[in-house]
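Fold and contact review
Now for the letters of each chain:
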Amino acid sequence: MSVLIFASILVLVDQISKKLVVEFLKGEPPVVVIENFLNFFYLENRGAAFGIMQNARAFFLVITVVIVIVILYILLKNYKKSSAIFKLSLGLILGGAIGNFIDRVRLHYVVDFISVRIFGFDFAVFNLADSFVVVGTILLMIMVLFYDNPEKRINNE
């Protein structure tokens, strides 16, 4: 199943990026990539986005297992009739979820390292797995809202 291969590659890329961050950025000053916009630095996140729900590791582990099982069930049940964008979005979400799950199991926290400043405001520090989940979710929402919307299908028939 190509979605599982894609998700596995994303997990590998995520874990390699985090290994490099630990090796080269832990205990070091931030690396400025683009002045006043993009920095890389080491951060241990024991919560969720924006640092909410600190130390709720068991909750995140259970939720991730449930999400992975649901995605795998959906893929197995509907693989042949699913669109490429649907498979892509689920692959991104799956890869990102598993990437952060590995950190939570192995380290008891998630390694974050990408810091973005937009219009003078610091955005939450995140990692590649987070990006995969967000992009996958946005693609899924776009697909559902504009392309696979039952109301739209009824109105166009």
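Residues numbered from 1 in each chain as written. Predicted model: local features only at pLDDT ≥ 70, side-chain atom pairs only at ≥ 80, totals over all residues. Heavy atoms only, no water.

1. Quick look at the overall build of the chain
- Looking only at helices and strands, one finds five helices and four strands in the chain.
- The order of helices and strands in the chain, counted from the N terminus, is α-β-β-α-α-β-β-α-α.
- Out of the 157 residues belonging to the chain, those deemed buried represent 36%.
- Of the contacts formed within the chain by residues at least 6 apart in sequence, a portion of 66% connects residues at least 24 apart.
- Accessible area of the chain: about 9800 Å², with a carbon and sulfur share of 71%. (Helix = DSSP H or I, 4+ residues; strand = E, 2+ residues; numbered from the N terminus. Buried < 20%, exposed > 50% of the residue type's maximum accessible area, 1.4 Å probe, protein only. Contact = heavy atoms within 4.5 Å. Areas by Shrake-Rupley, 256 points an atom, 1.4 Å probe, with all protein chains shown as cover.)

2. Digging into the environment of Phe 60
- Along the chain, the position of Phe 60 falls in helix α2 (residues 57-78).
- Classification of Phe 60 as buried rests on a relative accessible area of 10%.
- Along the primary structure Phe 60 and Ala 48 are separated by twelve residues, whereas in three dimensions their C-alpha atoms are 8.3 Å apart.

3. Section: the confidence of the model for the chain
- Put simply, the chain has an average pLDDT of 89, and 90% of its residues get 70 or more.
- Averaged pLDDT values over the elements of the chain bottom out at 52 in helix α5 (residues 150-156) and peak at 97 in helix α1 (residues 2-25). (pLDDT = per-residue confidence, 0-100.)

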